[in-house]
Every structure is written in C-alpha cells, then in structure tokens.
Amino acid sequence: LALIGLFNVFGTYAAGSLGQHFPKRYLLSGIYALRSVAIVTFLSVPLTPMSVYIFSAVMGVLWLSTVPPTNAVLAQIFGIQHMSMLGGFVFLSHQIGSFLGVWLGGKLYDLSGSYDVVWWLAVGLGVMAALVNLPVREGPIERRTSAVPA
C-alpha cells in the first residue's frame, strides 16, 4: 500500500503534465489499457515479493493518474463553474463502483474459491474503459438557449 501511495504522486503529476500536451481522451485510454497490461503481466509472471513490489509501483502510477485528465475533460466539456458538483458525481460514482467491485470480488471468491475471475474482469473493464474514452469529444457542449418570456 505504501508503494501504491508513493507512486500515485508520480503518476498524477505525470498525467497532469502530459494532459497539457496531448488529448486527454488518448491519455485516459492509454492509462486504462496500461492497467490491463499490468494485470495480465502480473498474472503471467511468478508470484514473488519483487513481482508484487513492481506491480504495486506500476499500479500506483496508473491508479490516480486518471484524475487530472478526467477533471480537465470535465472542465473542457462543462466549464469550470460547476466543477465541484461534477467532481462530486465522479467521486460518488467511483465510491459506488469500488463498493460493488469489492463486494463482487468477495462473492466471486466465495463461489469459485479463487480470485482469477476477478482479475480477468478487471482486465476486461480496463479494456472497455480504454475503448469508451477514445470517442470522447473534449470541446464544450453546444447548448441551445431558449428564450424565456419575462
């Protein structure tokens, strides 16, 4: 956990810096794809303390690195006037997803006696997240203004 926390700092900073030079949708897609690659690699190598340390560091870099580009995309699409509310929705949805992920992981472990299904679901969700972010348009949403009678 300490390695994940330490490397969160580096990943978040790097993603924020890269987000100033590259389209955020590609950055987000890359992060999610790399998460899947990291998990597949971790499952493919022998389990040793060093493989756990390396995996923890890599996942630390990739874990919170989605926050700067996600916030930037939200600001570009919706503007900054409601960033706290939009950030709250993002945070709430992540908390619900985390709860469901942990609950489902435990349920699948109880049913199968292994976390293998959970790992492969994480890989699949990472690939899906990578694909879903590719078509995101980063410009402001065109809004029609309707004339309201005074």
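Shown above is the structure to which this text applies.
Basis of the calculations
Residues numbered from 1 in each chain as written. Predicted model: local features only at pLDDT ≥ 70, side-chain atom pairs only at ≥ 80, totals over all residues. Heavy atoms only, no water. Helix = DSSP H or I, 4+ residues; strand = E, 2+ residues; numbered from the N terminus. Buried < 20%, exposed > 50% of the residue type's maximum accessible area, 1.4 Å probe, protein only. Contact = heavy atoms within 4.5 Å. Areas by Shrake-Rupley, 256 points an atom, 1.4 Å probe, with all protein chains shown as cover. Lys, Arg positive; Asp, Glu negative; His and termini not counted. Charge placed at Lys NZ, Arg CZ, Asp CG, Glu CD. Salt bridge = Lys/Arg side-chain N within 4 Å of Asp/Glu carboxyl O. Core = buried A, V, L, I, M, F, W, Y, C linked by side-chain atoms within 4.5 Å. 1 Å grid on protein atoms, 1.4 Å probe; cavity = no way out; pocket = protein on both sides within 12 Å on 5 of 7 lines; lining within 4 Å. Points joined across faces, edges and corners; volume = space filled by probe spheres on them. Nonpolar A, V, L, I, M, F, W, Y, C, P; charged D, E, K, R; others polar. Axes fitted to C-alpha atoms, helices over the stretch in contact; angles between N-to-C directions. Parallel < 35°, antiparallel > 145°, perpendicular 65-115°, else oblique. Left-handed = near helix turned anticlockwise from the far one by under 90°. Phe/Tyr/Trp six-rings, centres within 6.5 Å; stacked < 30°, edge-to-face > 60°. Lys NZ or Arg CZ within 6 Å of the ring centre and 35° of its normal.

**Student:** Explain the overall build of the protein chain here, please?
**Tutor:** When you go through the protein chain residue by residue, the secondary structure sums to six helices and zero strands. Listed N to C, the secondary structure of the protein chain is α-α-α-α-α-α in terms of helices and strands. Principal axes of the C-alpha set define a box for the protein chain whose edges measure 70 × 35 × 25 Å. Counting the 150 residues in the protein chain, one finds 26% classified as buried. A sequence separation of at least 24 residues applies to 76% of the contacts in the protein chain between residues at least 6 apart. Roughly 10400 Å² of accessible area belongs to the protein chain as shown, and the carbon and sulfur atoms make up 73% of that amount. Between the mean site of the 7 positive side-chain charges and the mean site of the 4 negative ones, the protein chain shows a separation of 11 Å.

**Student:** How should I be thinking about the pattern of salt bridges in this particular structure?
**Tutor:** Side chains that differ in sign of charge can pair as their charged atoms come close. One pass over the full model with this rule turns up one salt bridge. A salt bridge links Glu 138 to Arg 25; its shortest N-O distance comes to 3.7 Å. Of the two residues, Glu 138 is situated in the segment after helix H6 (116–133) and Arg 25 in helix H2 (residues 24–44); the sequence distance between them amounts to 113 residues. Owing to a relative accessible area of 22%, Arg 25 belongs among the partly exposed residues under this scheme.

**Student:** Help me understand the nonpolar core, please; the structure alone is not making it clear to me.
**Tutor:** Of all hydrophobic cores here, the largest spans six residues; its members are Ala 38, Ile 39, Phe 42, Phe 55, Met 59 and Val 123. Among the secondary structure elements, those contributing two or more residues to this core are H2 and helix H3 (49–63). Broken down by element, the residue count for this core peaks at three residues, all from H2.

**Student:** Just checking my understanding: could you explain the layout of surface pockets for this structure?
**Tutor:** In this approach, a probe sized like a water molecule rolls over the atoms, and the result shows the empty space that is left. Of the volumes computed, that of the largest pocket is approximately 2100 Å³. For the largest pocket, the lining is made up of 43 residues, of which Arg 35, Trp 63, His 94, Gly 97 and Ser 98 are closest to its centre. Elements with a contribution of two residues or more to the lining of the largest pocket: H2, H3, helix H4 (67–78), helix H5 (83–112) and H6. Element by element, the count of residues in the lining of the largest pocket is highest for H5, at 13 residues. Among the residues forming the lining of the largest pocket, the class breakdown is 28 nonpolar, 13 polar and two charged.

**Student:** Can you walk me through the packing of H4 against H5 in this structure?
**Tutor:** Relative orientation and spacing of two packed helices are given, respectively, by the angle between their axes and the distance between those axes. One can describe the packing of H4 onto H5 by two numbers: an axis separation of 11 Å at closest approach and a directional angle of 130 degrees. Classified by the angle their axes make, H4 and H5 are oblique. Of the two elements, H4 crosses H5, and the hand of that crossing is right-handed. Between H4, through Asn 71, Leu 74, Ala 75 and Phe 78, and H5, the contact on the second element is made entirely by Met 83, Leu 86 and Val 90. Here the contact of H4 with H5 is built from residues that sort into six nonpolar, one polar and no charged.

**Student:** How should the packing of aromatic side chains be read in this particular structure?
**Tutor:** Any aromatic ring pair is given by two values, namely how distant the centres are and how the planes are angled relative to each other. Under the criterion given, the structure shown has five aromatic pairs. On the basis of an interplanar angle of 55 degrees and a centroid distance of 5.7 Å, the ring pair of Phe 42 and Trp 119 is categorised as tilted. One end of the pair, Phe 42, is in helix H2; the other, Trp 119, is in helix H6, with 77 residues separating them in the sequence. The exposure class of Trp 119 is partly exposed, given its relative accessible area of 26%. Through pairs of rings, three or more aromatic residues link up here, namely Phe 42, Phe 55 and Trp 119. Here the guanidinium or amino end of Arg 25 rests over the ring plane of Tyr 26, the centre of that ring lying 4.6 Å away.

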